[in-house]
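Understanding the architecture of this molecule
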Amino acid sequence: MSVDGVRVWRWWRPPQLVVHVLYGSAVTALILLGSLGESYPTSPDHALPPGAHPPPWPAYLLVVAAGVVLVWRHRWQVEVLAATVVLVSAYSMLGYVYGAALIAPAIALYTTVSYGGVRRALLLGAVSIVLLMVAGGPLGPWHTIGGPATVVPFEMAAAVCLGLAVSSRRAYIAAIQDRAERAERTREEEARRRVDVERLRIARELHDVVAHTMATINVQAAAAAHLLVDPPPQAAEAIAAIRSASKEGLRELRTILNVLRQADEVTGTQPTPGLTHLDALIASSRRAGLPTTVHTAGTLPALPAAVDLAAYRIIQESLTNTLRHAGPATATVELAARDGRLCIHVGDTGAGTGATVAVASTGTGTGTGATPAVAGTGDGHGLIGMRERAASVGGVLVAGPAPEPGGGFHVRAELPFDTVSAVYD
């Protein structure tokens, strides 16, 4: 069914009470017509037992009531079953044939069993069979086990079997839904945890970069104050303000870093990596069993620390994903600087597959406050981390299987390095 069809169905679908009323009315009409046919048979084979006579019209209220109470069979299963058995038994014990009226207790028994277990089904089925056979046999118009009473065990057994089948199917569907919900919650929690960890590491490293820059400002301001001989009062005040502001900001940044480093004491005290460490990263990848080559178009300019760090982490994560998922493969890393953007391409020749993820950030703000635009879907936590890396410096990242016959998985990123300072404005 299409989406429009589902909407139309939900729009005109009647309430459950209306459905139950219509169902009960139809069953009641069927029972009443069947009881009238049994009271006035047209065939000698269906003649009334000796001494029996057609019931007066008030007697039909019993079978009508047995059909009407089925409207509430889903809310009060056992009560409705008991009511139908009592009403139909009373109708038979007054001396009237109850063959058609057996439909009511059969439906009530089926509904009750479909909501219960096996023990409940067997108990209710056995009690219903005994009561209906006694009411329709020795206490009924036949005064012995005969007529409609002979079909009671088969009719009630069929209702029990159908009810158990529906109950088993409901339990199976509920179990599948529960497992799916739990798996979905687990995936969401794991994704959130991975994203939080990655954002924590990005924040720590970016703060390291900013702290280094502010420390340099503080040192240079102190050197300027020391080297200048008889500076103008305004210049001396400006230098003193720079030293004071940078010192205070550096103290606050160090406080933040101490909190961030509690999550990872080892990583937090290591030097911030960058493309100067790329050779060591490639060598490590080769030792792990992934032949990797690097191609650099021209000479790369001096990169801002944030861009340098993001580029290194994107390449590192791409090679890690290749080692994990590509199988036997080779990898290629290409770097180029074009139009004020660092272009990164990491491709492999493996057989792994992946979903395409496109991330663009054109907003301003802090690293995690940039506004990402996502195209496609991607479930990998590594792709999420690379997306955060690119977005933190206002860059774009696209990852996915290559369309060309060679196959493999490719990651392409463009990180602006001449306007990256706008991210921190």
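Our next topic: the pairing of strand 3 (residues 341–348). Of all the 8 residues making up strand 3, 7 are buried; the element is thus mostly covered by neighbouring parts of the structure. Of the pairings in the sheet, the one linking strand 2 (residues 331–338) to strand 3 comprises 8 bridges and is antiparallel in character. Bridging across to strand 3, A331 finds its partner in D348. Remark: 2 residues form the turn of the hairpin made by strand 2 and strand 3, two consecutive strands paired antiparallel; D339 in that turn has positive phi of roughly 55 degrees. Strand direction decides the pairing type here: strand 3 and strand 7 (residues 409–416), joined by 7 bridges, are antiparallel.

The next point concerns the confidence of the model for the protein chain. Parts of the model with low pLDDT should not have their predicted coordinates read in detail. Of the residues in the protein chain, 75% have a pLDDT of 70 or more, and the chain-wide mean is 76. Across residues 265–269, confidence stays below pLDDT 50; counting only partners more than four residues off in sequence or on other chains, it has 4 contacts. The model gives residues 420–425 a pLDDT under 50, and that stretch makes 14 contacts with residues more than four places away or in other chains.

Our next topic: the environment of I344. Assignment of secondary structure puts I344 in strand 3. Among the residues examined, I344 registers a relative accessible area of 3% and is labelled buried. A sequence separation of 29 residues divides I344 from I315, and the C-alpha atoms of the two residues are 8.0 Å apart. The residues contacting I344, other than those within four sequence positions of it, are A311, I315, E334, L335, V411, R412, A413 and L415.

The rules we used
Residues take numbers from 1 onward in each chain, read along the sequence in its written order. Since the coordinates come from a predicted model, pLDDT governs what is reported: local features require at least 70, and pairs of side-chain atoms require 80 or more to be given and counted, while whole-chain, interface and lining totals use all residues. Each side-chain value is worked out from all heavy atoms of the structure, with water and hydrogens disregarded. Burial classes follow relative accessibility: with a 1.4 Å probe on protein chains only, a residue under 20% of its type's maximum area counts as buried, one over 50% as exposed, and anything between as partly exposed. Strands here mean DSSP runs of E at least two residues long; helices mean DSSP runs of H or I at least four residues long; both are numbered from the N terminus. A pair of strands is considered paired only if DSSP assigns at least 2 bridges between the two. Every residue gets a pLDDT, meaning the predictor's confidence in that residue, from 0 to 100. Any two residues whose heavy atoms approach within 4.5 Å at even a single point are treated as in contact.

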